[in-house]
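# Tertiary structure, described
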Amino acid sequence: MEKEKYMIFVVEDDEKLRKTLEDFLQATGFCVMTAQDGQEALDVYFANNQKIDLILLDGMLPKVDGYDVLKQIREYSDVPIIMLTARESEEDQLKGLENGADNYITKPFLLKVLKAHMEVLLKRSNRKRSEKIQRGKIQIEKEYRKVYLDGELLVMTPKEYDLLLYFIENENIVLSREAILNAVWGFDYDGDIRTIDTLVKQLRKKMTEKAPYIQSVYGVGYRFEVEDV
């Protein structure tokens, strides 16, 4: 792939491996940030999230577990994340993937194999970066999880964003509350289905009368439909 100055965030508590990864990545044309525990990882990430292109995340970290770091980052970002861990069980691999990891590499690993996995994810991420979705007066920048109404930035919670994106990606389709709940909150969500109605109400308020695109379908759920000329 074309050598670009991607920023890679290496989160690893093993000092020797962290230094090895840092040296290897810098030698192959990447910029690197590092952290050695879960709390530092979160602090560094949220201070530099717009600069980071990919995260190499150890699953077993002091202070905050790597899987908890993964979950917290995924509340805000789709940045590519590769889990690096000594855990080999299928259960641990599934835990990482279900919590939003893009890939899972078990230690020890070959650096050239890791680099190949990184390049695949960076190429895919590059395609997503340029993706902007325009529906009527609503525009979404997927890379930054930002929503604009008539060019003005809307302040949204992570779940409001996820719900709006799900509506837009299923435009003109009648969506049941159950389908919405499973897609946005997950099959293991134990909350009340009326959570959806509350969130839709919040979205409609933020979208105002300029973008009345979320239609109620009596007895079923909702449909996102743009009727702007």
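Fair warning: this is a prediction, and the values are worked out from it, not measured in the lab.

### Remarks on the overall build of the chain
The number of helices and strands found in the chain is eight helices and 12 strands. Within the chain, buried positions represent 45% of all 229 residues. Across the chain, contacts joining residues at least 24 apart in sequence account for 58% of those joining residues at least 6 apart. Here the chain displays about 12,500 Å² of accessible surface, and carbon together with sulfur accounts for 48% of that area.

### Focus: helix 8 (residues 194-207)
For helix 8, with 14 residues, the first-to-last C-alpha span of 20 Å sits near the 20 Å given by 1.5 Å per residue. Every buried residue of helix 8 is listed here: Ile196, Leu199, Val200, Leu203 and Met207. Along the axis of helix 8, the buried positions cluster into a sector of 105°, meaning they face one direction only. Among the exposed residues of helix 8, those oriented more than 90 degrees off its buried face are Arg194, Lys201 and Lys205. Contact partners of the buried residues in helix 8: strand 7 (138-141), strand 8 (146-149), helix 6 (158-169), helix 7 (177-184), strand 11 (214-217) and strand 12 (221-224). Thr208 sits one or two residues past helix 8 and shows a positive phi near 55°.

### Brief notes about the environment of Arg135
In this structure, Arg135 sits in strand 6 (residues 132-135). Each C-alpha atom of the pair Arg135 and Ala211 lies 9.4 Å from the other, and the pair is 76 residues apart in sequence. The contacts of Arg135, once residues within four sequence positions are left out, are Ile168, Glu171, Tyr213, Phe224 and Val226.

### A closer look at the sheet that holds strand 3 (residues 54-58)
Strand order in the open sheet formed by five strands is 2-1-3-4-5, and the pairing between neighbours is parallel. Lying at the two open borders of the sheet, with one neighbouring strand each, are strand 2 (31-35) and strand 5 (103-106). On average, each strand axis in the sheet is inclined to that of its neighbour by 20°, with strand direction left out of account. Summarising the sheet, strand 3 and strand 4 (residues 81-85) pair through four bridges and their orientation is parallel. Across the sheet, the residue bridging to Ile55 is Ile81, located in strand 4. Here helix 1 (residues 15-27) sits on the sheet and contacts strand 1 (7-11), strand 2, strand 3 and strand 4; the angle it forms with strand 2, its principal contact strand, is near 165°. In this fold helix 2 (residues 38-48) packs onto strand 1, strand 2 and strand 3, with an angle of close to 140° to the strand it touches most, strand 2.

### So, the pairing of strand 2
Bridge count between strand 1 and strand 2: five bridges; the pairing is parallel. Residue pairing in the sheet places Val11 in a bridge with Ala35 of strand 2. Once you follow strand 1 into helix 1 and on to strand 2, the crossover reads as right-handed.

Cut-offs used in this document
Residues numbered from 1 in each chain as written. Predicted model: local features only at pLDDT ≥ 70, side-chain atom pairs only at ≥ 80, totals over all residues. Heavy atoms only, no water. Helix = DSSP H or I, 4+ residues; strand = E, 2+ residues; numbered from the N terminus. Buried < 20%, exposed > 50% of the residue type's maximum accessible area, 1.4 Å probe, protein only. Contact = heavy atoms within 4.5 Å. Areas by Shrake-Rupley, 256 points an atom, 1.4 Å probe, with all protein chains shown as cover. Expected span 1.5 Å × (residues − 1). Arc of directions from axis to C-beta. Pairing = 2+ DSSP bridges. Axes fitted to C-alpha atoms, helices over the stretch in contact; angles between N-to-C directions. Right-handed = clockwise from strand over helix to strand, strands pointing away.

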